[in-house]
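A structural walkthrough
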Amino acid sequence: MNTLVSTEELAAHPEWRVFDCRHDLAKPDWGFEEFQKAHLPGALFAHLDRDLSGPKTGNNGRHPLPEPRAFASWLGKQGLQPADQVVCYDGGPGAMASRLWWMLRWVGHETVAVLDGGYAKWQREGRRTTADVAEFSCVTYPGRAKSSMVAQLSLVEKKLRKAALLDARAPARYRGEQEPIDPVAGRIPGAKNRFNNDNLAPEGTFKKPALLRAEFESILADRNAAEIIHYCGSGVAACHNALAMEIAGLTGSRTYIGSWSEWSADPARPIARSV
């Protein structure tokens with residue numbers, strides 16, 4: 001399982017490794033507080049700021065990637081084995097869970113999927129939750145980062161006029177009409193907009209693969225999926241678009257994790273707005 005699993009599938013496989021990725025950008029402690037109250041059986045908590053991000057310099061974005069060895073060390077402390085099937089979930093939409101999904105694939109762990117509908121769907125169906133925290137023995141996780149999944153800042157700058165950039169932020173942020181999080185409003189020149197919430201059906205689960213494929217292909221035109229570079233505000237929602245493309249069978253895209261928060265930190269970099 002390497003894209004999505006349903007609540008039914010997860011409930012039938014208690015041996016799968018589960019990670020709770022709930023997070024609120026405005027309230028960074030909220031996710032762990034909710035985890036302590038209740039979570040899926042067997043789940044461990046993955047904190048976006050502490051576990052899924054590296055040190056910030058002020059110029060490398062709000063959620064930079066950790067060093068691969070640091071992330072592999074964290075995985076080992078969670079007792080993760082390379083052969084384990086992993087399921088990531090968040091409150092429901094899947095953006096936070098997609099970040100861990102993307103990072104696990106980045107270090108070579110292919111058997112990882114996102115829980116479709118997340119905690120909200122699990123709760124809605126009356127499935128069991130617990131406040132008990134599972135214990136796993138530490139191991140040495142042998143992860144190795146795949147550079148082919150990452151678009152570094154230098155690559156985005158080099159291919160600015162040639163790359164196919166997809167901005168996962170809300171349309172108003174993409175157009176530069178408002179910016180509630182980062183100091184500067186706007187977008188990377190040449191980027192097209194694919195709001196990551198548009199990947200979801202009204203009930204909060206991902207749209208069907210054929211519909212996702214049609215929607216992405218209408219944006220990409222004749223571009224090959226491997227040419228696509230995803231970005232957002234800080235490399236979280238961008239992973240949601242990367243997952244949606246994988247669900248649609250459009251494989252091989254890259255993600256610019258530094259995203260707008262890194263790009264806009266240097267006033268010398270060009271900015272586009274639609275206002």
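The structure under discussion appears in the preceding block.
Report follows, based on the coordinates. Small disclaimer: the values here were computed from a predicted structure and weren't measured.

What follows covers helix H8 (residues 209-220). Taking 1.5 Å of rise per residue, twelve residues should cover 16 Å, and H8 covers 16 Å from first to last C-alpha, within 8% of that figure. Among the structural elements, strand S6 (164-167), strand S7 (192-193), strand S8 (228-231) and helix H9 (237-247) are those in contact with the buried residues of H8. One or two positions beyond H8, positive phi appears at alanine 221, with a value near 60°.

Now for the side chain of lysine 121. With respect to the helices and strands, lysine 121 occurs in helix H5 (residues 118-124). With relative accessibility at 16%, the residue lysine 121 sits in the buried group. For lysine 121, the residues in contact, after removing those within four places along its chain, are Thr7, Glu8, Asp116 and Thr205.

Counted by the stated rule, this structure contains 20 salt bridges. The shortest N-O distance in the salt bridge between glutamate 110 and lysine 146 comes to 2.5 Å. Of this pair, glutamate 110 sits in the loop between helix H4 (95-106) and strand S5 (112-115) while lysine 146 sits in the loop between H5 and helix H6 (153-158), placing them 36 residues apart in sequence. Since its relative accessible area comes to 26%, lysine 146 is described here as partly exposed. Linked by salt bridges that have partners in common, Arg62, Asp167, Arg169, Arg173, Glu179 and Asp182 make up one network.

The subject of this paragraph is the sheet that holds strand S1 (residues 4-5). Pairing is parallel across the open sheet formed by five strands, whose spatial order is S1-S5-S4-S2-S3. Since the sheet does not close on itself, it has two edges, and those belong to S1 and strand S3 (43-45), each with one partner. Here three bridges tie strand S4 (residues 86-89) to S5, and the two strands are oriented parallel to one another. Residue valine 86 lies in a different strand from S5, and its bridge partner there is valine 112. Here helix H2 (residues 30-37) sits on the sheet in contact with strand S2 (17-20) and S3, set at roughly 150° to S3. Packing against the sheet, H4 makes contact with S2, S4 and S5, and its axis sits at approximately 175° to S5.

A separate point is the environment of cysteine 138. Mapped onto the elements, cysteine 138 comes out in the loop between H5 and H6. A relative accessible area of 59% places cysteine 138 in the exposed class. Between the alpha carbons of cysteine 138 and arginine 99 there is a distance of 23 Å; along the sequence they are 39 residues apart. Setting aside residues up to four positions removed in sequence, cysteine 138 forms contacts with Gly76 and Lys77.

This brings us to the packing of H4 against H9. Relative to each other, H4 and H9 sit at 70°, their axes nearing to 7 Å. In this view, H4 runs roughly perpendicular relative to H9, as classed from their interaxial angle. Of H9, the residues touching H4 (which contributes Ala95, Ser98, Arg99, Trp101, Trp102 and Arg105) are Ala237, Cys239, His240, Ala242, Leu243 and Glu246. When grouped by side-chain class, the residues that make up the contact of H4 with H9 number seven nonpolar, two polar and three charged.

What counts and how
- Residues numbered from 1 in each chain as written.
- Predicted model: local features only at pLDDT ≥ 70, side-chain atom pairs only at ≥ 80, totals over all residues.
- Heavy atoms only, no water.
- Helix = DSSP H or I, 4+ residues; strand = E, 2+ residues; numbered from the N terminus.
- Expected span 1.5 Å × (residues − 1).
- Contact = heavy atoms within 4.5 Å.
- Buried < 20%, exposed > 50% of the residue type's maximum accessible area, 1.4 Å probe, protein only.
- Salt bridge = Lys/Arg side-chain N within 4 Å of Asp/Glu carboxyl O.
- Pairing = 2+ DSSP bridges.
- Axes fitted to C-alpha atoms, helices over the stretch in contact; angles between N-to-C directions.
- Parallel < 35°, antiparallel > 145°, perpendicular 65-115°, else oblique.
- Nonpolar A, V, L, I, M, F, W, Y, C, P; charged D, E, K, R; others polar.

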